[in-house]
Amino acid sequence: MKTAKRALVVGGGVIGLTSAFQLARRGWLVTLFDPSLGRGATWAAAGMIAPSAEIGPGEESNYELQSGALEAWRTFAAELREITKKELSICETGTLLLGWDGSDRRLVDQFALVAADLGVALRRVSRAERPSMFDGVSDRIAEGLLVDGDAWLDPDQVVAHVSEANAQLGVTIVSDSVVSVCGDGRHVQAVTAHDSFEGDVGIIATGADALPKGATPSGSHVVRPVHGITVRVRGIDRSTQPMIRSFVRGNTVYMVSRPGGYDVLGASSEERLEAGAQVGEVQRLLRDALDVVPALETAVVLETREGNRPASDDLRPFFEVLVDGRWAWSSGHFRHGVTLAPIAAREALRFAERVA
Ligand SMILES: Cc1cc2nc3c(=O)[nH]c(=O)nc-3n(C[C@H](O)[C@H](O)[C@H](O)COP(=O)(O)OP(=O)(O)OC[C@H]3O[C@@H](n4cnc5c(N)ncnc54)[C@H](O)[C@@H]3O)c2cc1C
């Protein structure tokens, strides 16, 4: 009888969880390690799958990579449904891109040029023509750019559904940090403070956190943490309307509105190591959000979540096989890890099937 191959997955954020799922549904015996599963950057994420609206300077190549993400999520949701019999909601609302003042509107125009060059479907919309699309938006903003093809999902729901599927598929969860890893070309080993575990392949998906000891990259990738917060409020229900993204005094602010008036406002972006949502950071985010959506004035603040985006040198995600050949490092997903998770998970499966 053929024995199942064993995979070790270090890190249970959206990348590790979805990778564990793909491996387990293909018959791998998976052990997933994380002392605080789902509480890294994934916890803070707004859940936008917004390859178009998130095109940033120097990140055009990411657009190409991400343009297949929505389809990948639809397939992933169907695969999940087969196991859990539950529906993962993917809300294909598009994004309404706005500018707060004259210079912000020029940034919208510049965005339109870059996006049109990349073939993104865009159209100008005015308040007069589509009043409901501007519900809650400041009266001084009379028009915007509707970016089709963007969607959002709820990362908490992703973590819950994938965890449930993983449990049904027999994935073993070890609620401990992996302190070191090693591999001898035929097997891999992960060591926690309490035990050691053997497998045939290993995936390291520790986000912006340091690699465990013994993990030796074969290439030149490095990852740095880019801190960010989202503020969750109970406010207005714009869930049937596009997500809002706006330039405000040169910064960007966004609002993802879920049914029932649960709004996610985001996001700060700071290269600092200290943890915690700083008062100034929260104030700037709420000020910008209120300027664009004054209807949030009476919204109730529910919580602030923070996380570190894993940013690589060229701001592109990578999947790097480590020197021992049986461990691979999946990281660098930066602002797009939720978007890219099903694609990264497929890559983890391809790698495991290739080396096993
Ligand atoms: C404010 C904010 C908003 C964002 N919004 C979006 C968005 O709307 N759309 C989008 O696509 N992306 C968004 N992102 C980016 C996205 O959250 C990240 O790219 C993604 O979560 C990275 O996933 P990950 O699994 O690599 O890392 P993480 O989610 O950080 O998970 C890494 C996990 O590894 C565990 N770990 C670390 N070291 C070890 C170890 N030694 N042993 C065991 N476990 C370990 C940690 O506990 C953690 O749970 C946002 C990020 C932030 C901060």
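Our subject is the structure listed above.
Please read all numbers here as calculations on a predicted model, not as lab measurements. (Residues numbered from 1 in each chain as written. Predicted model: local features only at pLDDT ≥ 70, side-chain atom pairs only at ≥ 80, totals over all residues. Heavy atoms only, no water.)

## Description of unusual backbone geometry
- Residue Ala267 is bonded to the preceding Gly266 through a cis peptide linkage, with omega at -20°.
- Here Ala267 is to be found in the loop between strand E16 (262-266) and helix H7 (279-292).
- With a phi angle near 60°, Lys85 is a residue other than glycine that sits in the positive phi range.
- With respect to the secondary-structure elements, Lys85 resides in the loop between helix H4 (69-84) and strand E4 (95-99).
- Lys85 gets classed as exposed once you look at its relative accessible area, which sits at 65%.
- One non-glycine residue, Phe334, lies in positive phi territory at about 50°.
- Structurally, the position occupied by Phe334 is in the loop between strand E19 (327-331) and helix H8 (337-355). (Helix = DSSP H or I, 4+ residues; strand = E, 2+ residues; numbered from the N terminus. Buried < 20%, exposed > 50% of the residue type's maximum accessible area, 1.4 Å probe, protein only.)

## Focus: the environment of Thr3
- Position of Thr3 among the secondary structure elements: in the segment before strand E1 (6-10).
- Overall, the relative accessible area of 64% leaves Thr3 in the exposed class.
- Sequence spacing of Thr3 and Val282 is 279 residues, and the spatial spacing of their C-alpha atoms is 52 Å.

## Quick word on the pairing of strand E11 (residues 196-199)
- Only one face of E11 is buried, namely the one carrying Phe197 and Gly199, since none of Ser196 and Glu198 on the opposite face is buried.
- Inspection of the sheet shows strand E10 (residues 188-191) paired to E11 by four bridges, in the antiparallel sense. Bridging from a neighbouring strand, Gln189 pairs with Glu198 of E11.
- In this structure, the hairpin formed by E10 and E11 is closed by a connection of four residues. (Pairing = 2+ DSSP bridges.)

## Things to note about the sheet that holds strand E12 (residues 201-204)
- Reading across the sheet, the six strands line up as E8-E2-E1-E12-E19-E18 and stay open at both edges, with mixed pairing between neighbours. Since the sheet does not close on itself, it has two edges, and those belong to strand E8 (172-174) and strand E18 (318-321), each with one partner. Here the average twist between neighbouring strands, direction ignored, is 20°.
- Bridge count between E12 and E19: three bridges; the pairing is parallel. Of the residues in E19, the one forming a bridge with Ile204 is Trp329.
- Here helix H1 (residues 14-25) sits on the sheet in contact with E1, strand E2 (29-33), E12 and E19, set at roughly 170° to E2. (Axes fitted to C-alpha atoms, helices over the stretch in contact; angles between N-to-C directions. Contact = heavy atoms within 4.5 Å.)

## Description of the nonpolar core
- Counting 43 residues, the largest nonpolar core has Leu23, Val30 and Trp73 as its most contacted members.
- Here this core takes nine residues from H8, the largest share from any one element.
- Discounting chain neighbours no more than four positions away, the residues touching Val30 are Ala7, Val9, Ala20, Leu23, Ala24, Gly170, Val171 and Thr172.
- With 25 residues, the next largest nonpolar core counts Val253, Leu285, Ala289 and Ala299 among its residues. (Core = buried A, V, L, I, M, F, W, Y, C linked by side-chain atoms within 4.5 Å.)

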